[in-house]
Amino acid sequence: MQANVFHKLFLWLPFAYHHTSNGMEWNYLTNGKTWTDLCATGKQQSPIAFDIQKTRELKSPRIYFANYNVELKGPIFIKNNGHTISMDIPATINGQPPFISGGRLRGRYLAKGLHFHWGSPNSNGSEHTINNRRYDAEMHIVHRNAKYIDIIDAAEKKDGLAVIGVLLEIVKEPIAIPTGLTKVINAVIETPRDESNTTIPAGFSLDEMIGNVDHNDFLSYDGSLTTPLCHEAVSWTVFTQILPVSFSMVSKLWKLRDHCNHPMINNFRDIQDLNNRPVYHRFGRA
Ligand SMILES: *[C@@H]1O[C@H](CO)[C@@H](O)[C@H](O)[C@H]1NC(C)=O
Ligand SMILES: *[C@@H]1O[C@H](CO)[C@@H](O)[C@H](O)[C@H]1NC(C)=O
Ligand SMILES: [Zn+2]
């Protein structure tokens, strides 16, 4: 009962669940080892460790990123939800929703929100790893299958969600940090604590959150949300190319506080067993 009340009243994005089904507040103190229910028993959980050598080549067409190149219509809502910084994705200035289709997806998946996972001044904090390398941070762009009513509904369905993962790496002199990403991370000075929120004018598109990372070269598998309740509803797409960012950008995230007013650091989940799931690699080409 309690879980249901939370689902219906409190939450509209699954990564903002504050409680597991037994009513426990969850946290990242053990990077998810103590999470219960499907998080503990599921066999198709995320994140995973990508081993490029062990992937199968994906021959599907590329993913079509519709309206990703069109400016979003502001103001854009950004919030500290106690576990991460999340941004609502509005329609574009043309009134169209950004969405993805193609690749291994059937149908359209509407871009609804994005958020981040990160480490600390002395630890890397991406969720997925590639060839045993953990990157500094990871951005997730969460999409909902257009045939379902909302994210809560979609999270209950096997084909409910599609998440794009972008791995971020701190480099000394990043050539061009995407302008949208810079604007969003600069805004976190306004969201220092749980529940604090702000809005920013738009003036950027979703592509300007991702920059020049090749959208056609990606790793793909079926998995779950990486936060309670760990619904196994996600078709994952993680770009193989890494987005270079600056130390000063990522360090803004390390200064935030979480729902316990502790430093919001290392908010990533441990690697989960693959359990023989196929993992695909699509090579970048048009
Ligand atoms: C952490 O990131 C640094 C710099 O991005 C990298 O050199 C190092 O190999 C990473 N550590 C792990 C364990 O992946
Ligand atoms: C945004 O923050 C204000 C307080 O500054 C709070 O009253 C409001 O409920 C918050 N809105 C959301 C949607 O979290
Ligand atoms: Zn995430």
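See the structure printed just above.
No experiment lies behind these values; they were computed from the predicted model shown.

J.: Explain the coordination of the zinc ion (ligand 3) to me, please; I cannot follow it from the model alone.
T.: For a metal with four donors in a tetrahedral arrangement, the ideal angle between donors is 109.5 degrees, while six donors in an octahedron ideally sit at 90 or 180 degrees. Surrounding the zinc ion (ligand 3) are the protein donor atoms His-115 (NE2), His-117 (NE2) and His-140 (ND1), which sit 2.0 to 2.1 Å from the metal. Mapped onto the sequence, the donors of the zinc ion (ligand 3) take the spacing H-x1-H-x22-H. Of the two residues, His-117 sits in strand 7 (residues 109–118) while His-140 sits in strand 10 (residues 137–145), which places them 23 residues apart along the sequence. Across the pair, exposure class does not vary: His-117 and His-140 are buried alike.

J.: Help me understand the site of ligand 2 in this model?
T.: Around ligand 2 sit Phe-77, Lys-79, Glu-195 and Asn-197, and those are all the residues in its vicinity. Here an oxygen atom of ligand 2 sits 2.9 Å away from a polar atom, N or O, in the side chain of Lys-79. The fraction of the free accessible surface of ligand 2 (360 Å²) that becomes covered by protein chains is 33%. Broken down by class, the residue content of the shell around ligand 2 amounts to one nonpolar, one polar and two charged.

J.: Can you help me understand the site of ligand 1 in this one?
T.: Around ligand 1, the structure places Asn-124, Arg-133, Arg-134, Asp-136 and Glu-169. At 3.1 Å, a side-chain N or O of Arg-133 approaches an oxygen atom of ligand 1. Interatomic distance of 2.9 Å between a backbone N/O atom of Arg-134 and an oxygen atom of ligand 1. Considered on its own, ligand 1 offers 370 Å² of accessible surface; in the complex 49% of this is hidden by protein.

J.: I would appreciate a short explanation of the pairing of strand 6 (residues 99–102) in the present structure.
T.: The side chains of a regular strand alternate between the sheet's two faces. With four bridges connecting them, strand 3 (residues 63–66) and strand 6 associate as antiparallel partners. In the sheet register, Ala-66 faces strand 6, and the bridge partner there is Phe-99. The pairing of strand 6 with strand 7 spans two bridges and is antiparallel. By the bridge assignment for strand 7, Ile-100 is matched with Tyr-109.

J.: How should the pattern of salt bridges be read in this particular structure?
T.: Where charged atoms of side chains with opposite charge meet at close range, the side chains can pair. A complete count under the given rule lists seven salt bridges for this structure. Notably, a salt bridge pairs Asp-159 with Lys-147, separated by 3.2 Å at the nearest N-O pair. Highlighted residues: Asp-159 in the loop between helix 3 (151–154) and strand 11 (161–170) and Lys-147 in the loop between strand 10 and helix 3, separated in sequence by twelve residues. In this structure, Asp-153 and Lys-157 form a salt bridge, with 2.6 Å as the shortest nitrogen-oxygen distance.

J.: Would you mind going over unusual backbone geometry with me for this structure?
T.: The bulk of non-glycine residues show a negative phi, and the bulk of peptide bonds are trans. The omega torsion of the bond from Ser-46 to Pro-47 falls at 0 degrees, within 30 degrees of zero and hence cis. Along the chain, Pro-47 falls in the loop between helix 2 (38–41) and strand 1 (49–50). Omega for the peptide link from Gly-74 to Pro-75 comes to -5 degrees, which places this bond in the cis form. Within the secondary structure, Pro-75 sits in the loop between strand 3 and strand 4 (76–80). Even without glycine at this site, Asn-261 takes up a positive phi of about 60 degrees. Mapped onto the elements of the fold, Asn-261 is located in the loop between helix 6 (247–254) and strand 16 (280–282).

J.: Could you clarify how one ought to interpret the state of the cysteines in this entry?
T.: Linking two cysteines covalently through their sulfur atoms gives a disulfide. Counted according to the given criterion, the structure contains one disulfide. What pairs with Cys-39 in a disulfide is Cys-230, and their sulfur atoms sit 2.1 Å apart. Disulfide Cys-39-Cys-230: torsion about the S-S bond near 95 degrees, hence right-handed. Placement of the pair is Cys-39 in helix 2 and Cys-230 in the loop between strand 13 (218–223) and strand 14 (234–239), with a sequence separation of 191 residues. Neither residue differs from the other here; Cys-39 and Cys-230 are each classed as buried.

J.: So what exactly am I meant to see when it comes to the packing of aromatic side chains here?
T.: Any pair of aromatic rings gets described here by the distance separating the centres and the angle formed by the planes. According to the stated counting rule, one finds eight aromatic pairs in the structure shown. Aromatic pair Trp-26 and Trp-35: ring centres 5.2 Å apart, planes at 75 degrees, arrangement edge-to-face. The pair Trp-26 / Trp-35 is uniform in exposure class, with both members buried. These aromatic residues form a ring-pair network of at least three members: Trp-26, Tyr-28 and Trp-35. Above the plane of the ring of Tyr-148 lies Lys-157, whose end atom (NZ or CZ) is 4.8 Å from the centre.

The rules we used
Residues numbered from 1 in each chain as written. Chains lettered and ligands numbered in written order. Predicted model: local features only at pLDDT ≥ 70, side-chain atom pairs only at ≥ 80, totals over all residues. Heavy atoms only, no water. Donors = N, O, S within 2.8 Å, 3.2 Å for Na, K, Ca; no water. Helix = DSSP H or I, 4+ residues; strand = E, 2+ residues; numbered from the N terminus. Buried < 20%, exposed > 50% of the residue type's maximum accessible area, 1.4 Å probe, protein only. Near = heavy atom within 4 Å. Polar contact = N/O pair within 3.5 Å; in protein donor to acceptor, adjacent residues only side chain to side chain. Areas by Shrake-Rupley, 256 points an atom, 1.4 Å probe, with all protein chains shown as cover. Nonpolar A, V, L, I, M, F, W, Y, C, P; charged D, E, K, R; others polar. Pairing = 2+ DSSP bridges. Salt bridge = Lys/Arg side-chain N within 4 Å of Asp/Glu carboxyl O. Disulfide = S-S within 2.5 Å. Phe/Tyr/Trp six-rings, centres within 6.5 Å; stacked < 30°, edge-to-face > 60°. Lys NZ or Arg CZ within 6 Å of the ring centre and 35° of its normal.

So far we have only geometry, and geometry alone does not tell us how the molecule works.
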